[in-house]
Amino acid sequence: MFASTHQTARHAPRIGFARRLGLFDLLIRLAALYRSRRALTQLTDAQLEDVGLTTRDAQTEASKPVWDVPPHWLS
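Draft legend 1. Seen up close, the confidence of the model for the protein. Residues with a pLDDT of 70 or more make up 69% of the protein, whose mean pLDDT is 79. By mean pLDDT, helix α1 (residues 17-21) is the weakest element of the protein at 61, and helix α3 (residues 45-50) is the strongest at 96.

Structure follows, in structure tokens:
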């Protein structure tokens, strides 16, 4: 038989999220993340409590740079 050069997902090399998504998709996601973080600053204390955040949590998240992405984007 012939040796297989196909790699399974378990053994495939990790590729950065920017390459996997494509530049356009990456820019769309980063823009959405930026808007979401800014929207947190507009929520009332009661709204923040509904989603399980404090005002300080919202301010911390909103102050992050756009390239500080959620960890699941990197896997």
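Draft legend 2. Quick peek at the pattern of salt bridges. Applying the stated rule across the entire model yields 2 salt bridges. Ionic pairing is found between Glu61 and Arg37, a salt bridge with its closest N-O pair at 2.9 Å. A residue pair is termed long-range when its members are at least 10 positions apart, and Glu61 in helix α4 (residues 55-62) and Arg37 in helix α2 (residues 23-40) qualify at 24 residues. Judged by its relative accessible area of 4%, Arg37 falls in the buried class.

Draft legend 3. Looking closely at the packing of α2 against α4. As a packed pair, α2 and α4 sit with axes 8 Å apart at the nearest point and diverge in direction by 150 degrees. Classified by the angle their axes make, α2 and α4 are roughly antiparallel. Two packed elements cross with a definite hand, and for α2 against α4 that hand is left-handed. Facing α2, whose interface residues are Arg37, Arg38 and Leu40, α4 presents Ala58, Glu61 and Ala62. Considered class by class, the residues forming the contact of α2 with α4 number 3 nonpolar, no polar and 3 charged.

About the criteria used
- Residues numbered from 1 in each chain as written.
- Predicted model: local features only at pLDDT ≥ 70, side-chain atom pairs only at ≥ 80, totals over all residues.
- Heavy atoms only, no water.
- pLDDT = per-residue confidence, 0-100.
- Helix = DSSP H or I, 4+ residues; strand = E, 2+ residues; numbered from the N terminus.
- Salt bridge = Lys/Arg side-chain N within 4 Å of Asp/Glu carboxyl O.
- Buried < 20%, exposed > 50% of the residue type's maximum accessible area, 1.4 Å probe, protein only.
- Axes fitted to C-alpha atoms, helices over the stretch in contact; angles between N-to-C directions.
- Parallel < 35°, antiparallel > 145°, perpendicular 65-115°, else oblique.
- Left-handed = near helix turned anticlockwise from the far one by under 90°.
- Contact = heavy atoms within 4.5 Å.
- Nonpolar A, V, L, I, M, F, W, Y, C, P; charged D, E, K, R; others polar.

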